[in-house]
Amino acid sequence: MNEQPIPLSRPSIGEKEEELVLSVLRSGTLALGDMGMKFEQLFARYIGVDYAVSVSSGTAALHLGVRALGVEPGDEVITTPFSFIASANCIIFEKAKPVFVDIDPVTLNIDADAVEEAVTDKTKAILPVHIFGYPADLKRIDEIADTHGLGVLEDACEALGGADEDGTRIGARGNIACFGFYPNKQMTTAEGGMITCADIELRDRLLSERNQGRVGGMERVEHGRLGYNYRMSELSAALGVAQFERLDELLDARARVAALYNKRLAEIDGLLLPCADRGSARRSWFIYVVQLPKDVDREIVIRELAKKGVASKAYMPAIHLQPYYRERYGFEGGEFPVCEKVALRSLALPFFPDMTDSQVDRVCSEFTSTLARIA
Ligand SMILES: *Cc1c(COP(=O)(O)O)cnc(C)c1O
């Protein structure tokens, strides 16, 4: 058998992407041009917000978002330990303290009750993450924020196209929301990110901070505040515009692959699949992560699958147990038991929009037989 290996993820890039990127290359304007603005307009309209500001990564979006909420050194920001590391690092960038609370065992998102208990007089904001594309409990989180006068920054980097429990598209609630376009996301700009907001003064501040703190237009060189180079290139924006035209198709393709997995893996004893949508909430499918049956050695599963040409990954590890966080904040394990248990059992399987039925079948039969063999 010489079957092609199946990767964990793979972007779907077509002719339109090649065409638009090439047109930018030939135009001579590679930064700060019309394509970036076009991408922002398309994005804002799709989400249903007034403003979208493109930046160089999801992490850059989060950093500017934390600054936009006025987070200062010594402040506390309540967030989840079960996420990609950037959602906690962005708090430390501003010398504030990430205050972790445990997660809900079903949705894997931050537990709203625990959020409420963690509020102190140093708390400045709440930073929920829509993990694996499943919407966080925004209704409760917004209520808690209102009660205590806190800001809310949504890390929506995994949730483009999803909807919260009120049926509102993720990013359209009025909170500042951050999106990311790394190649494994629902759509890609190679590297890139976006911040959405409803306030024009905030939009202007974001535009300025991503561009060295400039004020008063590009004709003048005047720096009114501390700024960064968090700009998105025109090449990335072109990729974004082209991908955006296909966004519904890309999201549908992901949902199709997820449905196939759900069906094929439903019968495995002790295996936990991603939770189903509740009420009006809609997951935007980002990756396909299962929790292995208890007593199954995850490292063996990963190794056996790799032998068969099927990629998989222990994903994701708990943020507070990363060496940097252990050292800096003294975490030792045991602090957030739900998160830690989930992090130990989670396995990401290959997942991308162009995945064929037979590729999903192959992953599922190799996975099923591996589990049966090592049980
Ligand atoms: C992808 C992602 C980001 C942003 O990542 P970048 O690589 O900086 O674009 C942030 N938070 C979460 C939860 C993510 O999945």
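A short tour of the structure in this document, coming up. Since this is a predicted model, take the numbers as computed values, not measurements.

**A closer look at the site of the ligand**
Link 1 in the chain: Around the ligand, the surrounding shell consists of S57, G58, T59, L62, S83, F84, V129, D155, C157, E158, K185 and G192.
Link 2 in the chain: When the free accessible area of the ligand is taken as 390 Å², the share hidden by the protein chains comes to 92%.
Link 3 in the chain: With three residues, the top contributor of residues to the shell around the ligand is helix α3 (residues 58-68).
Link 4 in the chain: The residue inventory of the shell around the ligand, partitioned by class, reads four nonpolar, five polar and three charged.

**Quick notes on the packing of helix α9 (residues 247-265) against helix α13 (residues 357-374)**
Link 1 in the chain: Between α9 and α13, the shortest axis-to-axis distance is 10 Å and the interhelical angle comes to 35°. The crossing of α9 and α13 is right-handed. Between α9 and α13, the contacting residues are R256, V257, L260, Y261, R264 and L265 on the first element and D357, V360, D361, V363, C364, S365, F367 and T368 on the second.
Link 2 in the chain: Looking at the contact of α9 with α13 residue by residue, the classes come out as eight nonpolar, two polar and four charged.

**Focus: the environment of E158**
Link 1 in the chain: With respect to the element layout, E158 can be found in the loop between β5 (151-155) and β6 (176-180).
Link 2 in the chain: On the basis of relative accessible area, E158 is assigned to the buried category, the value being 4%.
Link 3 in the chain: Put simply, E158 and C178 are 20 residues apart on the chain and 9.5 Å apart in space, counted from C-alpha to C-alpha.
Link 4 in the chain: Setting aside chain neighbours within four positions, we find E158 in contact with H130, I131, F132, G133, Q186, S284, F286 and M316.

**Observations concerning the pattern of salt bridges**
Link 1 in the chain: Going through the model one piece at a time under the given rule, you end up with 20 salt bridges.
Link 2 in the chain: One salt bridge in this structure joins E40 and R210, with 2.9 Å as the shortest N-O distance. With E40 in helix α2 (residues 34-47) and R210 in the loop between α7 (200-209) and α8 (234-245), this pair connects stretches of sequence that are 170 residues apart.
Link 3 in the chain: Using a relative accessible area of 10% as the deciding quantity, one classes E40 as buried.
Link 4 in the chain: Judged by relative accessible area, which is 11%, R210 ranks as buried.
Link 5 in the chain: For R173, the salt bridge is made with D164, and the minimal N-O distance between the two is 2.7 Å.
Link 6 in the chain: Taking the relative accessible area as the measure of exposure, R173 reaches 25% and is therefore partly exposed.
Link 7 in the chain: On the basis of relative accessibility, which here comes to 1%, the residue D164 falls in the buried class.

**Looking at the sheet that holds strand β8 (residues 288-291)**
Link 1 in the chain: Pairing in this open sheet of three strands is antiparallel, and the strands run β8-β10-β9 from one edge to the other. Each having just a single partner strand, β8 and β9 (313-314) make up the two edges of the open sheet.
Link 2 in the chain: Relative to strand β10 (residues 346-349), β9 runs antiparallel, the two being bridged by two bridges. In the strand pairing of β10, A314 is matched with L347.

Criteria and cut-off values
- Residues numbered from 1 in each chain as written.
- Predicted model: local features only at pLDDT ≥ 70, side-chain atom pairs only at ≥ 80, totals over all residues.
- Heavy atoms only, no water.
- Near = heavy atom within 4 Å.
- Areas by Shrake-Rupley, 256 points an atom, 1.4 Å probe, with all protein chains shown as cover.
- Helix = DSSP H or I, 4+ residues; strand = E, 2+ residues; numbered from the N terminus.
- Nonpolar A, V, L, I, M, F, W, Y, C, P; charged D, E, K, R; others polar.
- Axes fitted to C-alpha atoms, helices over the stretch in contact; angles between N-to-C directions.
- Left-handed = near helix turned anticlockwise from the far one by under 90°.
- Contact = heavy atoms within 4.5 Å.
- Buried < 20%, exposed > 50% of the residue type's maximum accessible area, 1.4 Å probe, protein only.
- Salt bridge = Lys/Arg side-chain N within 4 Å of Asp/Glu carboxyl O.
- Pairing = 2+ DSSP bridges.

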